[in-house]
Every structure is written in C-alpha cells, then in structure tokens.
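Listed here are the chains, written in short residue letters.
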Amino acid sequence: MEYQIAINDSRVGVTLKGRLTFSDANIFPRVLEGMTRPGITLCEFDMAALDFIDSTGMSLLIHAYDQAKKSGFKVILRNVGGSVRAALERAGFPALFEMA
Amino acid sequence: MTGGCAVFFDDGTEASLGDALAQASPGPRLTLRISTRVAATLAVACAFTSALVARVPRLEARRWDVEGALQEAIGNAVIHGNLGLASDLRCSLEGLARFGRLMESGLADPILAAKPILIDSHWTESALTLSVTDQGRGFDPLSLATPMPGAKFGRGLSTIRTLCDSVAFSEDGRRISMVIGG
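Bear in mind the structure is a predicted one, so any value in this text is a computation, not a measurement.

*Asks:* Could you give me a rundown of the interface of chain A and chain B, with the residues and numbers involved?
*Replies:* Contacts between chain A and chain B engage 26 residues on the former and 32 residues on the latter. Taken together, the links from chain A to chain B amount to one salt bridge. E67(B) is the salt-bridge partner of R19(A), the closest N and O atoms lying 2.6 Å from each other. The interface formed by chain A and chain B includes seven residue pairs in polar contact (both at pLDDT 80 or more). Looking at which element gives the most residues to the side of chain A that touches chain B, the answer is helix α2 (residues 55-71) of chain A, with eight residues. Residue composition of the side of chain A that touches chain B, grouped by class: eleven nonpolar, ten polar and five charged.

*Asks:* Describe the side chain of Q71(B), listing the residues and the values that go with them.
*Replies:* Relative to the helices and strands, Q71(B) resides in helix α4 (residues 63-82). A distance of 3.0 Å separates a polar atom in the side chain of Q71(B) from a polar atom in the side chain of D54(A). With residues near it in sequence (within four places) discarded, Q71(B) still touches R19(A), T21(A), F22(A), F52(A), D54(A) and A45(B).

*Asks:* Quick rundown of the environment of T41(A)? Include the residues and the values.
*Replies:* All names here are of chain A. Looking at the secondary structure, you find T41 in the loop between α1 (28-35) and β3 (42-53). Overall, the relative accessible area of 45% leaves T41 in the partly exposed class. Between the C-alpha atom of T41 and that of K74, which follows or precedes it by 33 residues, the distance is 6.2 Å. If we ignore the near neighbours within four places in the chain, the residues touching T41 are S10, F73 and K74.

*Asks:* Outline α1(A), listing residues and values.
*Replies:* Among the residues of α1(A), F28(A), V31(A), L32(A), G34(A) and M35(A) are the ones counted as buried. Along the axis of α1(A), the buried residues cluster in a sector spanning 165°; they form a single face. The elements touched by buried residues of α1(A) are β1 (2-8), β2 (11-20), β3 and α2 of chain A together with α5 (93-108) of chain B.

Quick notes on the rules
Residues numbered from 1 in each chain as written. Chains lettered and ligands numbered in written order. Predicted model: local features only at pLDDT ≥ 70, side-chain atom pairs only at ≥ 80, totals over all residues. Heavy atoms only, no water. Contact = heavy atoms within 4.5 Å. Salt bridge = Lys/Arg side-chain N within 4 Å of Asp/Glu carboxyl O. Polar contact = N/O pair within 3.5 Å; in protein donor to acceptor, adjacent residues only side chain to side chain. Helix = DSSP H or I, 4+ residues; strand = E, 2+ residues; numbered from the N terminus. Nonpolar A, V, L, I, M, F, W, Y, C, P; charged D, E, K, R; others polar. Buried < 20%, exposed > 50% of the residue type's maximum accessible area, 1.4 Å probe, protein only. Arc of directions from axis to C-beta.

Below, the structure is given as structure tokens:
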C-alpha cells in the first residue's frame, strides 16, 4: 500500500493506493501520527485508488475514527468503490463514518 | 481427488508467483505451498484467486468472495498461526505499533519466516473448496465472539463466515476449510 498525507490549514487529506492489508501493519502508526495534528478539524481519506482492504486494513480506519473522537475532528471516507465499499459496508462502517 | 497440481513457492516476486500458478498443470485441484514471508509480503490471495478464475471462469462472479476469504485466512495463518501474535495487540495505538514491530521481527527470523502455509483448492460443478493450513499452535474457533462495528480486531473470521457458504476447522484450528458455491 502507498499513502500520501497532505495538510491544508485545518484539513488533512490521506490518499491510499493499492492494497491495504495485514502486510502493511507496520506503517499504520506512521499514517495515524501523520494525520493527527493540533488544530485539525477534518480528515479525508481518498480511497479512489485503493483496490482491496482486509480486516487488518480496516483497523487503520477504526484507529483513525478513535483518534478523531479523542481529538474532536471529523473523518470522511471519499471515493470508496468496488470491493472496498462492499467490504466496509459488510463490516458496518457506514454506522461509523461518512462514506462519500 | 485426482488431477491438478501443487506449486511450491518459498521466495520470489508477485509476477513469478502468478507465472508459477498460471503454468501449473490443469485439473480440478490447485495447491500452493508458500513460506510465511511470501504470505506476508506478496498479494498471494489475489494471485491464487486469479489462477482459480482462469481455470474456472464461472468463479469470476464470486471473485471478491474468494479473494476476501482467502486473504483473511492467509492473514490469520501468518499473524496468529505461524508468527503466534495475539489479536488484542491492535487494541491501542501503542499496541498497533508493537504489533507492526513484532511482524517485522518475526519475518526477519529465518526459522519463522520459512514456516510453511498450505493453500489447497478443489472444485466441482457446484462449489469451490478452499483450505489454508498453518504450523502454529492452533486455536478454539468457538472461543471467538462476533465483533462489533468499532472493533479493532477479530473481524477476520466473521468476514470469512459472511463470504463463504460453509466454514469448518480441523487440526486443532490450524486448518480452515471454506466452501463457496457457484
């Protein structure tokens, strides 16, 4: 999985690309650290280029959700399609996240 | 069960894994033995599913079910089976970081990294049966609870149960067998 983090004032954009699976567990803390900054009000995950996600990959998003609740910012999952959307819906993610 | 092919793949690239599976001889069975390192670093579920769909084109309709179930089973075989890592490590941010470090150190250990994982598949006109076997300590599948939507771990098996028509365990939990119709 490849990722990019872009910060623009109070918004953080996290772009995910490829496959988000247990193989990437060692980079989850870096992603979470990179997106959690003082003054952030919104974090948007762009998942247009994410091809596949497994249950360990989903734990990255759950940790982001917890960080957002703790720090008082909102998380939106954007451009979620195909098998990734099906997997997240199956796991009940629409109850936790806005999925645009 | 007769016919089919076993592929042994302990190291290499995704392209060479795809080639090895594509070149396997035809028949109603395809078996792949991989090292833990390969299982943890290459998109094995994707490659194996592509090989199955090439052999059984009607499986295209359930491609994501096959790949999703296989991915979760391989992940469990690596994480909880051959590397012996606990699920609840991922509960906290600190635990998540520790989990990542333990994965890295386990895969750097030549003995752990070489432990085999066996993926076996066979099919009939009505169903595909997949099994994934690890060399870990095993577990009691009845001990696992259904995860809540906000759970940070424990989704793998419930995902498999959702994607498959039936799921069974043997060898003290070291082997999972999954049936997908179609």
